[in-house]
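Residues per chain are reported as follows:
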2 protein chains.
Amino acid sequence: MEKWRLTYRLLKHSSNFDRRLTSGHRYLFGRTFIPFKENFRTLECPSRSYVNGASVSFARVNGNSYAVQHRYLASVASTTQRNPDFSKITSDDITYFKKILGERGVVQDEEKLDDANTDWMRKHKGSSKLMLQPRTTKEVSQILKYCNSRCLAVVPQGGNTGLVGGSVPVFDEVIINVGSMNNILSFDKVSGILVCEAGCILENLISFLDNQGFIMPLDLGAKGSCQIGGNVSTNAGGLRLIRYGSLHGSVLGLEAVLANGTVLDMLGTLRKDNTGYDLKHLFIGCEGSLGIVTKVSILTPPKLSSVNLAFLACEDYASCQKLLLEAKRKLGEILSAFEFLDVNALNLVLKHLDGLRDPLPSSVHNFYVLIETTGSMESHDKEKLEAFLLQSMNSGIITDGVLAQDINQTSSFWRIREGIPEALMKAGAVYKYDLSVPPEKMYELVEEMRARLGSAANVVAYGHLGDGNLHLNISAPQYTDGLLSKIEPFVYEWTSKHRGSISAEHGLGLMKADKIHYSKSPETVLLMAAIKKLLDPNRILNPYKVLPPSILSQS
Amino acid sequence: MEKWRLTYRLLKHSSNFDRRLTSGHRYLFGRTFIPFKENFRTLECPSRSYVNGASVSFARVNGNSYAVQHRYLASVASTTQRNPDFSKITSDDITYFKKILGERGVVQDEEKLDDANTDWMRKHKGSSKLMLQPRTTKEVSQILKYCNSRCLAVVPQGGNTGLVGGSVPVFDEVIINVGSMNNILSFDKVSGILVCEAGCILENLISFLDNQGFIMPLDLGAKGSCQIGGNVSTNAGGLRLIRYGSLHGSVLGLEAVLANGTVLDMLGTLRKDNTGYDLKHLFIGCEGSLGIVTKVSILTPPKLSSVNLAFLACEDYASCQKLLLEAKRKLGEILSAFEFLDVNALNLVLKHLDGLRDPLPSSVHNFYVLIETTGSMESHDKEKLEAFLLQSMNSGIITDGVLAQDINQTSSFWRIREGIPEALMKAGAVYKYDLSVPPEKMYELVEEMRARLGSAANVVAYGHLGDGNLHLNISAPQYTDGLLSKIEPFVYEWTSKHRGSISAEHGLGLMKADKIHYSKSPETVLLMAAIKKLLDPNRILNPYKVLPPSILSQS
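Parameters and conventions
- Residues numbered from 1 in each chain as written.
- Chains lettered and ligands numbered in written order.
- Predicted model: local features only at pLDDT ≥ 70, side-chain atom pairs only at ≥ 80, totals over all residues.
- Heavy atoms only, no water.
- Least-squares fit on C-alpha atoms with pLDDT ≥ 70 in both.
- Contact = heavy atoms within 4.5 Å.
- Pairing = 2+ DSSP bridges.
- Helix = DSSP H or I, 4+ residues; strand = E, 2+ residues; numbered from the N terminus.
- Axes fitted to C-alpha atoms, helices over the stretch in contact; angles between N-to-C directions.
- Core = buried A, V, L, I, M, F, W, Y, C linked by side-chain atoms within 4.5 Å.
- Buried < 20%, exposed > 50% of the residue type's maximum accessible area, 1.4 Å probe, protein only.
- Parallel < 35°, antiparallel > 145°, perpendicular 65-115°, else oblique.
- Nonpolar A, V, L, I, M, F, W, Y, C, P; charged D, E, K, R; others polar.
- Arc of directions from axis to C-beta.
- Polar contact = N/O pair within 3.5 Å; in protein donor to acceptor, adjacent residues only side chain to side chain.
- Left-handed = near helix turned anticlockwise from the far one by under 90°.
- Buried area = accessible area lost by both parts, 1.4 Å probe.
- Salt bridge = Lys/Arg side-chain N within 4 Å of Asp/Glu carboxyl O.
- Phe/Tyr/Trp six-rings, centres within 6.5 Å; stacked < 30°, edge-to-face > 60°.
- Lys NZ or Arg CZ within 6 Å of the ring centre and 35° of its normal.
- Lys, Arg positive; Asp, Glu negative; His and termini not counted.

## Some thoughts on the relation of the copies chain A and chain B
Turning to step 1, where the next piece is worked out: The transform that puts chain A on chain B rotates by 180 degrees and translates by 0.0 Å along the axis, for an RMSD of 0.0 Å. What the superposition gives is, in effect, a two-fold axis relating one chain to the other. Scanning chain A for the C-alpha nearest the rotation axis identifies Gly249(A), at a separation of 2.1 Å.
Turning to step 2, where the next piece is worked out: Residue by residue, 100% of the interface of chain A is reproduced at the interface of chain B, so both copies engage with the same surface.

Right, dumping it as structure tokens:
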């Protein structure tokens, strides 16, 4: 019988949640800044279905409010077989690594390894006995060349903030952590092009650019820990995508090391270069399975001074779509966020979070939209937004709306949108899906799900409407196999039928490698596998991830 | 001895050049709307060096002004060997193709083949005896599957407007023209996502979107002929790149057919999809050498109502860079073009083009910059631009400037920038280079070139400063081997040394396949070759292009 370990911990509860940590990208966690080792308790449970979910309850202990956060750690060996082709680490290997990296770059300390073996969700745990910390591209190359010749599997690791089990070992893979490669190499203030090493922490880059009058084209909840190499390797999305697009557009160049140690210098700093295949795109979003990104060149936008936020109400989903259309036209160049939530989401927030009130209390509406603008002149942006709101009211697209007048109101509006995950956790069990769906179909899924589940669950929808990214959440008193079977595989099949994506921005990692067929055609998956085999014939790079191992073992 | 054919023709000259046709992307051609067959004359000449140049002179015949445009057609067989592995067309092949495509889809007519064999520059000419015109993806797949099994080489062709000999046969390759696949498949007015077949002409898509209140994220001089499949396959740049980025950002999905007939359905319409490797990027810019793009899904921006244009003067190149920095910050979200020209370029235009006058006549300046803004509210944009100009004047970054007050002034300012190629043609022989160079280094190349050439030539510089794309033009009384040897390979070596690109937006095609090493590292080129071999083991797709054949023949 398969066995699963349920790990739960007591988290001191505070309403002063970090804005980023409770945003859509981090909603499973609540507070994560409490040390991982604190208050962990583990028990075994028999059902695999729990692995797909998590429950949170709250309790008062010694007068303090605590969240009891449950996590299920899969007993991995029961689902995935270690590839027997991979060698096991020997003392000779350690000697070699110490020779090229020095003592400092070879980590065998159990406590450190425990952290590096465990993913941020504490859902996946490997058993690596070795973490290497190279400081240069040459060292990464030497490591990989050696591992490839020895058939030692490796896991590239940056900030280890991934959400799909992609950045931790499954078995005893060697962890290659690039966090020591954290130098900013150049910044050009005219072009806004930044070149840096892969281990630079996103927040450090943001701070550096802020002093130069620029911003990063991406911003994430995990910015305090995640590294640019990991961002690029996972094609991280985040909060600025609607305005600045994906990393396939803003990353101008890369340096990457292949499995055999070959260093690919594609570190161009040019906006235009049509000389052959643009191979850097293979490494953007490959989750470290085709090579290890060691340096990044990225186009950064200038920092603009004016930011405004409106909280609006629509009576139906069609109006939300019309509003998006109008916002794109009337606010066009200053539009920087377009988020929506349904009334179920708002009600949940108002019920479960303290200190929040309905910004539009005069009546209940079916849908709410937050529109943020960012521009270079405050008076212009305000005027545009006010004219847009007036017109949208007059035309009936919105039925009510308010423009944040100060920083407090701005925070409070954002808190509603970003507090949804926290409210969902407080409400009970929650099944969470992060889907890309064509915007015109997005809410159909929500309605179909409601019809399927009836009164058994509260189906809550919100997300980045401007990007077609739906956060579908199903809130129930508790996790049950019966409820799960009504949700899955239906939700994946529906997404697939409408040509959506079962992973909008988190990647496939270990968790969804076997679900790739829901979003990619068989021919495309086969070509991916062929490219994987071409670049990494021994399959040492981040094994068991991204592609189903069964596809790779086909010759 | 190598032989080269010089082809020249009389073109009726008119000062009413089409704005687009004379823009930087089309500067070699002057008027192209005169039928290609008109007034061609050919002579043989012994020197290969002429192939890199073109000369134009003007004459008055019967009271009309004519441009005599010279083109050099390479005697291709003398430089490239036909791959002996390729089969030759048989009557059985024709029978098969007629069976799957019908009579209409199989073109053997000599006149039609002559057009399809000849590139737009009339610099390259193949000798294909067969053009196929599929109407569906299935037909493309059947064609390729058959050609692959028979080892028949093919050339994918769209509008045949490429500038590097990429879209015409070198020998007897079968031409696969996708122009009959020209249906718009869907358009979503909320997301702005357009899905269409590869053969849609860019201008038709622009017109279609205009009615919907949207624009294409790219605009090219060749828009009346070029097709979206070709645009994607060559990663076309164009006029809107500074604002909307490259096709790697705006193309959301593709359908492509591999050499063996496999149809890759990657036709997603999602802004976010992190489920495996994003393989569509392999086909964006592969110039048809990895597969034939049959359908495209593309994100289109909303059409905005306000457009403004300023013509400014700077005393040094450093000020041009400062101005770009300030424009990005102060005009940020409305900036839609940032073009520069040096005083040599302005003087040339004023000397050779009729009806143009210096917009800033009070004194002579070293550099001129055109700044275009596009936004959603006229009054705001004007106010921003005026404030920006005033500030730039006060700080001394610009020494003079004028804001176009009406459509006539706008046209006249653009005519100066876009008339440079025409003026260069009138001035005599011209050596032209389309380079990407880091903006801070861009003008160093111009100055070094001036120092090298001395009084032998007039070195003229202009281009898309905002994109780091320099049009370096060397104007001389006539083409000489001596002058050429001072320019090349220096210009490529300099570009390579500064990590620039020897082809900013035109691709490599046949012309620059053997120059790829100037812009790409050996390891990267080897990986490109490996991917080419993986996807097209018989190398039937667009042979002799993009990669040096010598690399591909290495096993």
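## Things to note about the sheet that holds strand β13 (residues 292-299) of chain B
Residue and element names in this part refer to chain B.
Turning to step 1, where the next piece is worked out: Ordered in space as β9-β10-β13-β11-β12, the 5 strands form an open sheet in which the pairing is antiparallel. In this open sheet, the two edge strands, each paired with only one partner strand, are β9 (184-188) and β12 (263-266). The sheet shows a mean angle of 10 degrees between the axes of neighbouring strands, taken without regard to direction.
Turning to step 2, where the next piece is worked out: Pairing of strand β11 (residues 251-257) with β12, which is carried by 4 bridges, proceeds in the antiparallel orientation. Bridge assignment links Leu-254 to a residue of β12, and that residue is Met-266.

## Focus: the nonpolar core
Turning to step 1, where the next piece is worked out: Counting 310 residues, the largest nonpolar core has Phe283(A), Ile371(A), Phe283(B) and Ile371(B) as the members making the most contacts within it.
Turning to step 2, where the next piece is worked out: With residues up to four places along the chain from it excluded, the contact list for Ile371(B) reads Asn308(B), Leu309(B), Ala310(B), Leu312(B), Leu323(B), Ala327(B), Leu331(B), Leu335(B), Ala337(B), Phe338(B), Leu385(B) and Phe388(B).

## Overview of the packing of helix α10 (residues 343-352) of chain B against helix α13 (residues 420-427) of chain B
Residues and elements named next belong to chain B.
Turning to step 1, where the next piece is worked out: The interhelical angle for the contact between α10 and α13, taken along N-to-C directions, is 70 degrees, at an axis separation of 9 Å. Relative to α13, α10 is oriented roughly perpendicular. Between α10 and α13, the residues in contact are Ala-345, Leu-348, Val-349 and His-352 and Ile-420, Ala-423, Leu-424, Lys-426 and Ala-427, respectively.
Turning to step 2, where the next piece is worked out: Counted by class, the contact of α10 with α13 contains 7 nonpolar, 1 polar and 1 charged residues.

## So, helix α2 (residues 110-117) of chain A
All names here are of chain A.
Turning to step 1, where the next piece is worked out: Within the span of α2, buried status applies to Leu-113, Ala-116 and Asn-117. For α2, the angular spread of the buried residues around the axis is 100 degrees, confining them to a single face.
Turning to step 2, where the next piece is worked out: The secondary structure elements touched by the buried residues of α2 are β5 (106-107), β6 (131-132), β7 (154-157) and β8 (174-177).
Turning to step 3, where the next piece is worked out: Capping the start of α2 is the job of one residue whose side-chain oxygen sits 3.3 Å from the backbone nitrogen of Glu-111: Asp-109.

## Points about the packing of helix α9 (residues 317-330) of chain A against helix α11 (residues 378-394) of chain A
All names here are of chain A.
Turning to step 1, where the next piece is worked out: Running from N to C, α9 and α11 point in directions that differ by 145 degrees, and their axes come no closer than 11 Å. Crossing angle aside, the handedness with which α9 passes α11 is right-handed. Taking contact as the criterion, the partners of Leu-323, Glu-326, Ala-327 and Lys-330 in α9 are, on α11, Lys-384, Phe-388, Gln-391 and Ser-392.
Turning to step 2, where the next piece is worked out: Each residue belonging to the contact of α9 with α11 can be placed in one class, and the counts come to 3 nonpolar, 2 polar and 3 charged.

## Some words on the environment of Met393(B)
All names here are of chain B.
Turning to step 1, where the next piece is worked out: Along the polypeptide, Met-393 turns up in helix α11 (residues 378-394).
Turning to step 2, where the next piece is worked out: When the C-alpha positions of Met-393 and Val-546 are compared, they lie 46 Å apart, and in sequence the two are 153 residues distant.
Turning to step 3, where the next piece is worked out: Those residues in contact with Met-393 that lie beyond four places of it in its chain are Ile-398, Thr-399 and Asp-400.

## Description of the interface of chain A and chain B
Turning to step 1, where the next piece is worked out: Between chain A and chain B, the contact holds 95 residues from the first and 96 residues from the second.
Turning to step 2, where the next piece is worked out: Carbon and sulfur atoms supply 58% of the area that chain A and chain B bury against each other, a total of about 7500 Å² over both sides.
Turning to step 3, where the next piece is worked out: By the criterion of area lost to chain B, the three top residues of chain A are Lys272(A), Asn274(A) and Tyr277(A), representing 14% of everything that side buries.
Turning to step 4, where the next piece is worked out: Where chain A packs against chain B, one counts 9 salt bridges.
Turning to step 5, where the next piece is worked out: For the salt bridge of Glu505(A) with Lys272(B), the shortest nitrogen-to-oxygen distance reads 3.0 Å.
Turning to step 6, where the next piece is worked out: At the junction of chain A with chain B, the criterion picks out 45 residue pairs in polar contact (both at pLDDT 80 or more).
Turning to step 7, where the next piece is worked out: The residue makeup of the side of chain A that touches chain B, split by class, is 36 nonpolar, 36 polar and 23 charged.

## Observations concerning the packing of aromatic side chains
Any two aromatic rings considered together are summarised by their centre-to-centre distance and by the angle between their planes.
Turning to step 1, where the next piece is worked out: Counted under the stated rule, the structure contains 34 aromatic pairs over all chains.
Turning to step 2, where the next piece is worked out: Here the aromatic rings of Phe311(B) and Tyr368(B) are separated by 5.6 Å at their centres, their planes lie at 35 degrees, and the arrangement is tilted. Pair noted here: Phe311(B) is in strand β14 (residues 306-314) and Tyr368(B) is in strand β16 (residues 367-375), with a separation of 57 residues, a long-range link. Here Phe311(B) matches Tyr368(B) in class, with each residue buried.
Turning to step 3, where the next piece is worked out: Measuring from centroid to centroid gives 4.7 Å for Phe367(B) and Tyr443(B), while their planes differ by 75 degrees, and the two rings are edge-to-face. Taken together, the positions of Phe367(B) in strand β16 and Tyr443(B) in helix α14 (residues 439-453) put the pair 76 residues apart, joining distant regions of the chain. By the burial criterion, Phe367(B) is buried, and Tyr443(B) matches it.
Turning to step 4, where the next piece is worked out: Of note, Arg329(A) hangs over the ring of Phe214(B), and the distance from its end group to the ring centre comes to 5.0 Å.

## So, the environment of Asp119(B)
Residue and element names in this part refer to chain B.
Turning to step 1, where the next piece is worked out: Of note, Asp-119 is situated in the loop between α2 (110-117) and β6 (131-132).
Turning to step 2, where the next piece is worked out: Relative accessible area serves as the criterion here: at 0%, Asp-119 is assigned to the buried category.
Turning to step 3, where the next piece is worked out: In this view, Asp-119 contacts His-124, Asn-160, Gly-162, Gly-165 and Val-168; residues no more than four positions away in its chain are not counted.
Turning to step 4, where the next piece is worked out: A polar atom in the side chain of Asp-119 sits 3.0 Å from the backbone nitrogen of His-124.

## What about the sheet that holds strand β15 (residues 335-342) of chain B?
Residues and elements named next belong to chain B.
Turning to step 1, where the next piece is worked out: Reading across the sheet, the 7 strands line up as β17-β14-β16-β15-β19-β20-β18 and stay open at both edges, with antiparallel pairing between neighbours. Both outer strands of the open sheet, β17 (400-403) and β18 (429-436), are each paired with one neighbouring strand and no more. Mean inter-strand twist for the sheet, computed between neighbouring axes without regard to direction, equals 15 degrees.
Turning to step 2, where the next piece is worked out: Sheet analysis places strand β19 (residues 458-464) next to strand β20 (residues 469-476), joined by 7 bridges and oriented antiparallel.

## Describing the side chain of Asp188(B)
Turning to step 1, where the next piece is worked out: By the element assignment, Asp188(B) lies in strand β9.
Turning to step 2, where the next piece is worked out: The charged side chain of Asp188(B) is buried without a salt bridge, its nearest counter-charge being Lys328(A) at 6.7 Å.
Turning to step 3, where the next piece is worked out: Once residues lying within four places of it in the same chain are set aside, the contact partners of Asp188(B) are Glu440(A) and Ile193(B).

## Side note on unusual backbone geometry
All names here are of chain A.
Turning to step 1, where the next piece is worked out: Of note, the amide linkage connecting Glu-488 to Pro-489 takes the cis form, showing an omega dihedral of 0 degrees.
Turning to step 2, where the next piece is worked out: Of note, Pro-489 is situated in the loop between α14 (481-487) and α15 (490-497).
Turning to step 3, where the next piece is worked out: Within the chain, Arg-499 stands out as a residue other than glycine whose phi angle is a positive 55 degrees.
Turning to step 4, where the next piece is worked out: Inspection of the secondary structure puts Arg-499 in the loop between α15 and α16 (522-535).

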